[in-house]
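The primary structure of each chain is shown beneath.
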Amino acid sequence: MEAIILLGAPGAGKGTVAEALVKKTDLQHVSTGDMLRAAVKSGTEVGNKARSFMEAGELVPDDIIVGIVRERLEAGADDERVMFDGFPRTLEQARLLDEAIQDLKGYLTHVFLLEVPKDILVQRISGRRICRQCGAVYHVPNLPPVKEGICDKCGGELYQRPDDNEETVLNRLKVFEEQTAALINYYEQQGILVRVDAARTADATRDAVLAEMS
Ligand code: AMP
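Worth saying up front: this structure is predicted, and the values here are computed from it rather than measured.

## Thoughts on the pattern of salt bridges
Inference 1: Counted under the stated rule, the structure contains 18 salt bridges.
Inference 2: The salt bridge involving Arg81 is made with Glu2; its shortest N-O contact spans 3.8 Å. Taken together, the residues span a long stretch of sequence, with Arg81 in strand S3 (residues 81-85) and Glu2 in strand S1 (residues 2-7) at a distance of 79 residues.
Inference 3: By relative accessible area, which is 34% here, Glu2 ends up partly exposed.

## Regarding the state of the cysteines
Inference 1: If you walk through the whole model with that rule in mind, you get zero disulfides.
Inference 2: With no disulfide of its own, Cys154 lies 3.5 Å from the sulfur of Cys131, the closest cysteine sulfur.
Inference 3: On the basis of relative accessibility, which here comes to 33%, the residue Cys154 falls in the partly exposed class.

## Comments concerning the sheet that holds strand S4 (residues 107-115)
Inference 1: Strands sit in the order S2-S3-S1-S4-S8 across an open sheet of five strands; the sheet is parallel. The open sheet terminates on both sides in strands that have one partner only, identified here as strand S2 (28-31) and strand S8 (193-197). Each neighbouring strand pair of the sheet contributes to a mean axis angle of 25°, computed without reference to strand direction.
Inference 2: Bridge analysis of S4 against S8 gives five bridges, and the strand direction is parallel.

## Here we look at the nonpolar core
Inference 1: Of all hydrophobic cores here, the largest spans 30 residues; its most connected members are Ile5, Leu7, Phe84, Leu97, Leu108, Val111 and Tyr187.
Inference 2: Ranked by residues supplied to this core, first place goes to helix H4 (residues 62-75) with five residues.
Inference 3: Residue contacts for Ile5: discarding those within four places in its chain leaves Phe84, Phe87, Pro88, Leu97, Leu108, His110, Val111, Phe112 and Tyr187.
Inference 4: In terms of nonpolar packing, the next biggest core, distinct from the first, is built from 22 residues, Ala12, Val116, Ile125 and Ala198 among them.

## Regarding the sheet that holds strand S6 (residues 137-139)
Inference 1: One open sheet accounts for three strands, arranged S6-S5-S7; its pairing is antiparallel. Here the strands that pair on one side only, and so sit at the sheet edges, are S6 and strand S7 (158-159).
Inference 2: Where strand S5 (residues 128-131) lies against S7, two bridges are found, and the strand directions are antiparallel. Note that in S7 the partner of Cys131 across the bridge is Leu158.
Inference 3: The strands that helix H6 (residues 118-126) touches are S5 and S6; relative to S5, the one it contacts most, it runs at about 40°.

## Considering the packing of H4 against helix H5 (residues 91-103)
Inference 1: Remark: H4 packs on H5, axes separated minimally by 10 Å, with the N-to-C direction vectors making an angle of 25°. By the angle between their axes, H4 is roughly parallel relative to H5. In this structure, H4 meets H5 at a crossing whose hand is right-handed. Where H4 abuts H5, its residues Asp62, Ile65, Val66, Arg70 and Leu73 lie against Glu92, Gln93, Leu96, Leu97, Glu99, Ala100 and Asp103.
Inference 2: Its residues placed into classes, the contact of H4 with H5 shows six nonpolar, one polar and five charged.

## Here we look at the site of the ligand
Inference 1: Within the structure, the ligand sits among 16 residues, and Thr32, Arg37, Glu58, Arg89 and Gln93 are positioned closest to it.
Inference 2: A distance of 3.0 Å is found between a nitrogen atom of the ligand and a backbone nitrogen or oxygen belonging to Gly86.
Inference 3: If the ligand stood free it would expose 480 Å²; the protein chains cover 96% of that surface.
Inference 4: When residues of the shell around the ligand are assigned to their parent elements, the largest contribution, four residues, is made by helix H2 (residues 32-41).
Inference 5: Considered class by class, the residues forming the shell around the ligand number six nonpolar, four polar and six charged.

## Considerations on helix H7 (residues 166-180)
An α-helical turn contains 3.6 residues, so any two residues separated by three or four positions project in the same direction.
Inference 1: The end-to-end C-alpha distance of H7, which contains 15 residues, comes to 20 Å, matching closely the 21 Å that a straight helix rising 1.5 Å per residue would cover.
Inference 2: All of the buried residues in H7 are Thr168, Val169, Asn171, Arg172, Leu173, Val175, Phe176 and Thr180.
Inference 3: Packed against the buried residues of H7 are S1, helix H3 (45-56), H6, S5 and helix H8 (182-189).

Calculation criteria
- Position numbers for residues start from 1 in each chain and track the written sequence from start to end.
- Only residues with pLDDT of 70 or above have their local features reported here, since the model is predicted, and side-chain atom pairs are shown and tallied only from 80 upward, although totals for entire chains, interfaces and linings are computed over all residues.
- Each side-chain value is worked out from all heavy atoms of the structure, with water and hydrogens disregarded.
- Here a salt bridge means any side-chain nitrogen of Lys or Arg lying within 4 Å of a carboxyl oxygen belonging to Asp or Glu.
- Put simply, DSSP marks the helices as runs of H or I at least four residues long and the strands as runs of E at least two long, and each gets a number from the N terminus on.
- Burial classification: accessible surface area is computed with a 1.4 Å probe over protein chains only, and a residue below 20% of its type maximum counts as buried, one above 50% as exposed, and the rest as partly exposed.
- Pairs of cysteine sulfur atoms within 2.5 Å are identified as disulfides in what follows.
- DSSP calls a pair of strands paired once it identifies at least 2 bridges connecting them.
- Here, axes are lines fitted to C-alpha atoms. For helices the fit covers the stretch in contact, and angles between N-to-C directions go from 0 to 180 degrees.
- Within this scheme, the nonpolar core is defined by two criteria: the residues are buried Ala, Val, Leu, Ile, Met, Phe, Trp, Tyr or Cys, and they are joined through side-chain atoms within 4.5 Å.
- Should any heavy atoms of two residues lie within 4.5 Å, those residues are counted as being in contact.
- An angle counts as roughly parallel when it lies under 35 degrees, as roughly antiparallel when it exceeds 145, as roughly perpendicular when it falls between 65 and 115, and as oblique in every other case.
- Each crossing gets its handedness from the near helix: less than a right angle anticlockwise from the far helix is left-handed, clockwise is right-handed.
- Residues were grouped as follows: Ala, Val, Leu, Ile, Met, Phe, Trp, Tyr, Cys and Pro as nonpolar; Asp, Glu, Lys and Arg as charged; and all remaining residues, including Gly, as polar.
- Proximity criterion: a residue is near a molecule or strand once any of its heavy atoms comes within 4 Å of it.
- Each polar contact in these results corresponds to two N or O atoms within 3.5 Å; when the atoms are within protein, one needs to be able to donate a hydrogen and the other to accept it, and residues that are neighboring in sequence are counted only if both atoms are side-chain atoms.
- Only the protein chains shown count as covering a residue, and every accessible area follows the Shrake-Rupley method with a 1.4 Å probe.
- In a helix, the anticipated span is given by 1.5 Å times the number of residues less one.

Structure, rendered in structure tokens:
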């Protein structure tokens, strides 16, 4: 197993760039946010535990997150290439991920830090719309669907994530600064951090990531 991480503040474009990478590579997209939203929707035990943290823009406790990630990795093929999006978000998660990768005899090859100025982050999050059916991400006005409110890919209904409201967004940015930014140093010390200007289009950011990996 080989892994890369997309690291960045909420709104940096991790999910959109991940989707763009999936189309061009064999990388398997592992988004803890998507996994948690699915768990909330289907009312599983994990979902019920996670819901209130997510609604407040707080981090879900590490043991829950590491549990779902380990389960996902253990179910994957030995030779799969994984792309983490939104994970890890704390130093503890990063340490536990290192352990899990070691146990699976895998490697973490690159950590891409998607860098975007704060004013653009806020603007991106407040315009974000997601397909209820397939999870595709749109943006009003940057990346609108052909037909308003309808997903181009599957015809599903587009919605705004409940945690994309202004108050929660500001808390999520604060949580990033307080808890996730420490990971930059952690991976810089391991010599695998790559900074990428992600203020441009998703395709341009994707190409910068691909150039580093080749
Ligand atoms: P995201 O879709 O990555 O922005 O995640 C949405 C929300 O899910 C976050 O604001 C957290 O409440 C929760 N979440 C997702 N990934 C993690 C993680 N690795 N650690 C803790 N909480 C997470």
